[in-house]
Amino acid sequence: MNVPVPSPSHTTLKELTGSDDNDGSGDYSAGDTLYYTITVTNDGTANLTNVTVDDDLTGGSTSCALVIPGGTCVLNTSYVVQVSDLGNTIANIGTGDSDQTPPSDSPVNVPVPSPAHETLKELTGSDDNDGSGDYSAGDTLYYTITVTNTGTANLTNVTVDDDLTGGSTSCA
C-alpha cells in the first residue's frame, strides 16, 4: 500500500500595491505613503503551522496558526517616504516562514527620484533712455530668470521671485 507523504512548501510574494501622492508630484517623494502586501502561499501538500509574515522595512508582522494547502497568510503594511530616501532606492524585503519550511524572501525595490533645480538670472536687454551708451539713471533693464529642473523628480509649487523688482510668478 502506497501512502502519500505530504510535502511542505510555501512561496512568499511581496508587492507594492499602491501609494498616496501627498504632494501631487506624480512620483515618489518625501511624505508619500507606499502600501505593500506580503502573501505567503502554501503551495505544498502539507498543512503549515505557525506561519509568519514579516516586513524588514516597516517592522510589520503577522502570524497564522494554520495554513492549509492552497491557503494564504497575508500582511498589509505601509511606509512613509523619508527625506533620506530621496535619490535612493527603498529596498524592502518580505519574509515568510513556518514550522515546516525554511524562510523565503521576496524583495521589492522602489526608486525614489532626487529633486534639484538651478536658477539663472540674466540681463537680456535694456533701453538706453538718455542715449549715454551705458547704464545710467532712468534706463530700463530687462532680466530673465529661469528655473531648470536638474533632478530626477517632478517639482511642484515652484515659485520664481526677483528681489530687485519684487516680481514673482508660480509655475504649475
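Presented here is an overview of the structure given in this document. Per chain, residues are indexed from 1 in the order of the written sequence. Only residues with pLDDT of at least 70 are given local features in this predicted model, and only at 80 or more are side-chain atom pairs given and counted; all residues enter the totals for whole chains, interfaces and linings. Side-chain measures were taken over the full set of non-hydrogen atoms in the model, leaving aside hydrogen atoms and water.

**Considerations on the overall build of the protein**
Okay, step 1: Helices and strands together make up the secondary structure of the protein, namely 0 helices and 11 strands.
Okay, step 2: Across the protein, helices and strands are ordered from the amino to the carboxyl terminus as β-β-β-β-β-β-β-β-β-β-β.
Okay, step 3: The quantity called the radius of gyration is restricted to C-alpha atoms. Its globule counterpart is 2.2 Å times the number of residues to the power 0.38. By the compact-globule yardstick of 16 Å for 172 residues, the protein is too spread out, its C-alpha radius of gyration being 29 Å.
Okay, step 4: Dimensions of the protein along its principal axes, counting C-alpha atoms only, are 115 × 20 × 20 Å.
Okay, step 5: Residues classed as buried in the protein amount to 28% of the 172 residues present.
Okay, step 6: The long-range share in the protein, meaning contacts at least 24 apart out of those at least 6 apart in sequence, stands at 53%. By the criteria applied, helices consist of DSSP H or I runs no shorter than four residues and strands consist of E runs no shorter than two, each listed in order from the N terminus. Only protein chains enter the accessibility calculation, which uses a 1.4 Å probe; a residue is then buried when its area is under 20% of its type maximum, exposed when over 50%, and partly exposed in between. Contacts were defined at the residue level, with two residues in contact if any of their heavy atoms lie within 4.5 Å.

**Examining the side chain of Asn 92**
Okay, step 1: In this structure, Asn 92 sits in strand β6 (residues 89-97).
Okay, step 2: Pairing of N or O atoms within 3.5 Å defines a polar contact, subject to two protein rules: one partner must be a possible hydrogen donor and the other a possible acceptor, and residues neighboring in sequence count only if both atoms are side-chain atoms. A polar contact of 2.4 Å, which involves the side chain of Asn 92, links it to the side chain of Lys 14.
Okay, step 3: At a separation of 3.5 Å, a polar atom in the side chain of Asn 92 contacts the side chain of Asp 55.
Okay, step 4: Once you skip the residues sitting within four places of it in the chain, Asn 92 turns out to touch Lys 14, Tyr 36, Asp 55, Asp 56, Leu 57, Ser 106, Pro 107, Val 108 and Asn 109.

**Notes on the sheet that holds strand β2 (residues 33-42)**
Okay, step 1: For two strands to pair, DSSP has to find at least two bridges joining them. The strand order β1-β2-β5 describes an open sheet built from 3 strands, whose pairing is antiparallel. Both outer strands of the open sheet, β1 (10-20) and β5 (72-80), are each paired with one neighbouring strand and no more. On average, adjacent strands in this sheet sit at an angle of 20° to one another, irrespective of strand direction.
Okay, step 2: Pairing of β2 with β5, which is carried by 9 bridges, proceeds in the antiparallel orientation. Bridged to Tyr 35 within β5 is Ser 78. Throughout, an axis means a line fitted to C-alpha atoms (over the contacting stretch in the case of helices), and angles, computed between N-to-C directions, take values from 0 to 180 degrees.

**Notes on the state of the cysteines**
Okay, step 1: Two cysteine sulfurs form what is called a disulfide whenever their separation falls within 2.5 Å. On inspection of all chains with the given rule, the structure shows 1 disulfide.
Okay, step 2: Sulfur-sulfur distance for the disulfide between Cys 64 and Cys 73 comes to 2.1 Å. Across the disulfide from Cys 64 to Cys 73, rotation about the S-S bond amounts to roughly 85°, and the bridge is consequently right-handed.

**Comments concerning the sheet that holds strand β3 (residues 48-55)**
Okay, step 1: Across the sheet, which stays open at both edges, the 4 strands sit in the order β4-β3-β6-β7 with antiparallel pairing between neighbours. Taken across any chain shown, the strands that pair with only one partner, and hence form the sheet edges, are β4 (61-67) and β7 (104-111). Each neighbouring strand pair of the sheet contributes to a mean axis angle of 15°, computed without reference to strand direction.
Okay, step 2: Pairing analysis gives 4 bridges linking β3 to β6, with the strands arranged antiparallel. Bridge pairing links Thr 52 to Asp 97 in β6.

**Overview of unusual backbone geometry**
Okay, step 1: Of note in the backbone geometry, Asn 50 takes a positive phi value of approximately 50° without being a glycine.
Okay, step 2: Considering the arrangement of structural elements, one finds Asn 50 in strand β3.
Okay, step 3: For Asn 157, which is not a glycine, the phi torsion comes out positive at approximately 55°.
Okay, step 4: As for its position among the elements, Asn 157 is in the loop between β9 (140-149) and β10 (158-161).
Okay, step 5: A relative accessible area of 68% means that Asn 157 is categorised as exposed.

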